[in-house]
Amino acid sequence: MPSTPRTFVGSATVRVAGQVCGHCLDAALASVRQVPGIRSVAVDHARRTLTVVADEPVDRADVEAAVVRTGHCVAPLH
């Protein structure tokens, strides 16, 4: 979305795309937790989403890159 700010503080939700099992989502969760500034990450297995909470500005591209490192990609929320 062009109107979505590049950085965020607070919470943001991302959808993990593709054939994603619970183990894959847990791997993405662990990877995103390593992004500097992230306070917590919660996974919703049914919706295949990660809700990320940041205490300081975090670049959405860093969150996406953390998901990509697990072999998956981020899809738009519907």
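Refer to the structure printed above.
This text gives an overview of the structure that appears in the document. (Residues numbered from 1 in each chain as written. Predicted model: local features only at pLDDT ≥ 70, side-chain atom pairs only at ≥ 80, totals over all residues. Heavy atoms only, no water.)

1. Here's the deal with the nonpolar core
Thinking step 1. Ranked by internal contacts, the top residues of the largest apolar core, which has 20 residues, are Val32, Ile38, Leu50 and Val63.
Thinking step 2. Elements represented by at least two residues in this core include exactly β1 (7-17), α1 (22-33), β2 (38-44), β3 (49-59) and α2 (60-68).
Thinking step 3. Considering each element in turn, this core owes the most residues, five residues, to α1.
Thinking step 4. Look past the residues within four positions of Val32 in its chain and what remains in contact with it is Ile38, Val41, Leu50, Val52, Val63, Ala66 and Val67. (Core = buried A, V, L, I, M, F, W, Y, C linked by side-chain atoms within 4.5 Å. Buried < 20%, exposed > 50% of the residue type's maximum accessible area, 1.4 Å probe, protein only. Helix = DSSP H or I, 4+ residues; strand = E, 2+ residues; numbered from the N terminus. Contact = heavy atoms within 4.5 Å.)

2. Details of the pattern of salt bridges
Thinking step 1. With the rule as written, the count across this model stands at three salt bridges.
Thinking step 2. The residue Asp55 makes a salt bridge to Arg39 at a minimum N-O spacing of 2.7 Å. Of this pair, Asp55 sits in strand β3 while Arg39 sits in strand β2, placing them 16 residues apart in sequence. The exposure classification of Asp55 matches that of Arg39, with both residues exposed. (Salt bridge = Lys/Arg side-chain N within 4 Å of Asp/Glu carboxyl O.)

3. Details of the state of the cysteines
Thinking step 1. Taken as a whole and assessed by the stated rule, the structure comprises zero disulfides.
Thinking step 2. For the unlinked cysteine Cys21, the closest cysteine sulfur is that of Cys24, found at 3.3 Å.
Thinking step 3. Judged by relative accessible area, which is 38%, Cys21 ranks as partly exposed.
Thinking step 4. There is no disulfide at Cys73, and the cysteine sulfur nearest it, in Cys24, is 12 Å away. (Disulfide = S-S within 2.5 Å.)

4. A few points about the pairing of β3
Thinking step 1. As paired strands, β1 and β3 are joined by eight bridges and run antiparallel to one another. Bridge pairing in β3 links Gly10 to Ala54.
Thinking step 2. Looking at chain direction, β2 and β3 are connected through six bridges and run antiparallel. When the sheet's bridge partners are listed, Asp44 is paired in β3 with Thr49.
Thinking step 3. Linking two consecutive strands that pair antiparallel, namely β2 and β3, is a turn of four residues; a positive phi of about 55° is found at Arg48 within it. (Pairing = 2+ DSSP bridges.)

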